[in-house]
Amino acid sequence: MPHAVSMAATGLQAIILCGPGSSFPTFTTNPDENPKALLSIANRPMVWYPIDFCYRTGITNITLICPPSAADAMTAALNTNPFLTSLPHPRPDLVAPHDLDYNTGTAEILRLPEIRDIVKCDLLVLPCDLVCEIGGDKLLQAWLVKAASLDDLLSNEAAPHRSGGLGVWYETKTANPVKGEETDFIATTPVPKSLTTPANSILQRLSYLKLSMPTDSYKDLVEEKNNYPLRHGLSRSLSKLRVLTTHRDAHIYFLPKWIMDFVQENEKLETIGEDVVGWWAKATWQTGLPEKLGLAKVLQGRVAETGLGDSTREDSPSPQGVLSKSRDSSFAADPEEAHSSLLNQSPRASVPPVLAYIHPSGPDAPLLRRVDTAQLLLAVSLRLAKLPAIEETGPDAASPFAHPKKVAYPDGVKPRTTITRQDCLIANNVMVDEKTSIKECVVGANCQIKEGAKLFQCLLMNDVVVEKGCKLTRCILGKRSVIGEGSTLTDCEVQEHLLVEPQTDDKDNKLMSSSGLEASEQDMQDVLQEFDDDAGNNTAFG
C-alpha cells in the first residue's frame, strides 16, 4: 500500500498512459486480455508503481488512460487485485477514449476530446511502466521553484509569465547495465545554482533542456545528413552546452495546462517526449521556431504582452529562455547577460523553459527505471526483491516498494528447503516442496515448486507450476504456465498458460504456444490435483 500522503493538495492532476506492451511479445500476445500495465513487477501489477508515485507526490486526482478494448481487463484488475483495491481514496479513474488504439501516439492522446475534457489544471504525465523510488514531492518542489509561474498557478487572468515544464532522465550505464536498453540524445545548459541550496538537493541536478531525441532518431539524422547538423545559433551562444548520450528519458513530465493548447495547435506532433518536449526545448533558443509552432498564439491566449520592466521571481522562466533577435541571432548563455541584452530590445512573448532533472547513477541512488522489456522486467524485479521487508526495518525506514514480509506464507515451505531470504520475494499461498533451492528469485502468488527444483535469478508470475527436478536460471515464467518434470531452462521466457514438455532442455529462447503445446484448463487442474495428492502433512518452515 502506498505511503500515506501527509502534504497539502498540490493542485495538479496525473495522467498515466497504459500502452500496448509491444516490447513484451511473450507475455502480451493478447493485450486486450493481458495488458502490459497488469504485468507483474516484483509481485505487484506494473501500473501500481506510477500510481504509488502519484500518491507520494501528493496527487490524488489520477486518471488511467487505456484503449477501449483493454478497459474490461483494467476495470476487473482495479476491482479485484489486492494491491489495487487497497489503494487510498480517492482511487484512480479509468478513461478509455473511443478513438484510442494501440497505435495512437502519446501526444495524439492529449488531443482526444475525452482527455481535453478531463484536463483542468497543470498535469503530471507518466507511463505505466515507471518504477521510481525518488520522492515525487521533491521533483514537484523543484518544478515549482524553478519553472512554475506563481501568477499562472493562481490566476485565470492575464499573467506576465507562463509556467515551464520539467522532465526526468537517468543514466543507463550503471554498475549492472541492462543490455539493449534504449537511450536518448540530449543537450543541456546549467541552471544558475544558489549558494544556499543543499548539496544533496534535487535543485543541484537541474539543467535547462535544449535538445532531446531518441538515440535511434539521432543516428538516423546523422546517417541522412552525414553528420549532426547542430545549429550555429546554439553552438555559438551556449558555450556551456553539455551533451549526454547514455541517459534515458523516464517519461516523467510536469507540464503546464497550456501544453494542451500547444498540442492542439500542432497536429503533426505525435509523441510527448520526442515531439512536444523536443520541439519546445528547441523553441527556447532557435530563432523563428516559436512562430512556426504557434507558441506566441498559445502563450498569449490568456497572457497580455508585458514590458521588460515587469518584476520577475526565482520561479519565473529564466531570461535565458526569452526569444530575442540579436545581430548574430543567438542567445547569451549567462542569464544576466541575456537580461542585459534584452533591455535594448522591444518586448516579446517569452518561451518558458524546459527543465531536465538528471538522476545520478551511484549505487546508493534511488531506483529509477522504465520497465519496458523482458530483460528490464527481470532485472528490476530482482533488485526490488533485495529490499529489506517492512517487518525488518519498520515502516518509517522501509522503501516505498518494500513488502511486509520476504516470505508471505512460511507454512507453505517444507523442511530441508533453501530460500535465500535476503534476495528473494515469495508471495502468498506459494507451496515449496522439500530439497528445493530458490536463490535470487521472485515467486508470484499460488505457485507450486516441486521436490528437487532449483531456481536461480528467476521471475515467476502467479499460479506457475514447476515440476520435480527442474533447473531454471534467469527465466521469466508467465502466469499459469507449467514447467515439465526434469526440464532445464536458461535465459528463457515462457508464455502464460504454456505447458513445457518434461525433460525440455532450452537456452536463450522464447517458449510460446503452438499446436498441441498450450495448456488447457483441464491440464492445469490435473497438474494441481496431482500436486495436492502428493502433498505431505508436514508444512513447517525450514
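Structural data are supplied above this passage.
The structure presented is a predicted model; accordingly, all values stated were derived computationally and were not measured. (Residues numbered from 1 in each chain as written. Predicted model: local features only at pLDDT ≥ 70, side-chain atom pairs only at ≥ 80, totals over all residues. Heavy atoms only, no water.)

**Some thoughts on the overall build of the protein chain**
And then number 1: Along the protein chain, the regular secondary structure elements total 17 helices and 30 strands.
And then number 2: Residue burial in the protein chain is summarised as follows: out of 542 residues, 52% are buried.
And then number 3: Considering only contacts in the protein chain between residues 6 or more positions apart, those separated by 24 or more positions represent 60%.
And then number 4: With the model as given, the accessible surface of the protein chain reaches about 24,000 Å², and the carbon-plus-sulfur share is 48%. (Helix = DSSP H or I, 4+ residues; strand = E, 2+ residues; numbered from the N terminus. Buried < 20%, exposed > 50% of the residue type's maximum accessible area, 1.4 Å probe, protein only. Contact = heavy atoms within 4.5 Å. Areas by Shrake-Rupley, 256 points an atom, 1.4 Å probe, with all protein chains shown as cover.)

**As for the packing of aromatic side chains**
And then number 1: Enumeration over the complete set of coordinates arrives at 7 aromatic pairs.
And then number 2: Ring plane angle 85° and centroid distance 5.1 Å describe the contact between Trp48 and Tyr49, whose orientation is recorded as edge-to-face.
And then number 3: Under the relative-accessibility criterion, Trp48 is labelled buried at 0%.
And then number 4: For the ring pair Phe185 and Tyr218, a centre distance of 4.1 Å and an interplane angle of 5° mean the geometry is stacked. Of this pair, Phe185 sits in strand S9 (residues 184-190) while Tyr218 sits in helix H8 (residues 215-225), and the two are 33 residues apart along the sequence.
And then number 5: In this structure an aromatic cluster arises from ring pairing among Trp48, Tyr49 and Phe401.
And then number 6: The residue whose ring lies beneath Arg44 is Trp48, and the NZ or CZ to ring-centre distance is 4.3 Å. (Phe/Tyr/Trp six-rings, centres within 6.5 Å; stacked < 30°, edge-to-face > 60°. Lys NZ or Arg CZ within 6 Å of the ring centre and 35° of its normal.)

**What about the pattern of salt bridges?**
And then number 1: The full count for this structure, using the stated rule, is 13 salt bridges.
And then number 2: The shortest N-O distance in the salt bridge between Lys36 and Asp129 comes to 2.7 Å. Highlighted residues: Lys36 in the loop between strand S1 (13-17) and strand S2 (40-41) and Asp129 in the loop between strand S6 (123-127) and strand S7 (130-132), separated in sequence by 93 residues. Comparing Lys36 with Asp129, the two get one shared label, buried.
And then number 3: A salt bridge links Arg116 to Asp261, with the nearest nitrogen and oxygen atoms 3.5 Å apart. Placement of Arg116 in helix H5 (residues 113-118) and of Asp261 in helix H10 (residues 259-265) is noted, with a sequence separation of 145 residues between them. (Salt bridge = Lys/Arg side-chain N within 4 Å of Asp/Glu carboxyl O.)

**Brief notes about the environment of Leu126**
And then number 1: As for its position among the elements, Leu126 is in strand S6.
And then number 2: Under the relative-accessibility criterion, Leu126 is labelled buried at 1%.
And then number 3: Expressed as a C-alpha distance, the spacing of Leu126 and Pro50, which sit 76 residues apart in the sequence, is 6.9 Å.
And then number 4: Ignoring any residue separated from it by four or fewer positions in sequence, one finds Leu126 in contact with Ile15, Ile16, Leu17, Pro50, Phe53, Cys54, His251 and Ile252.

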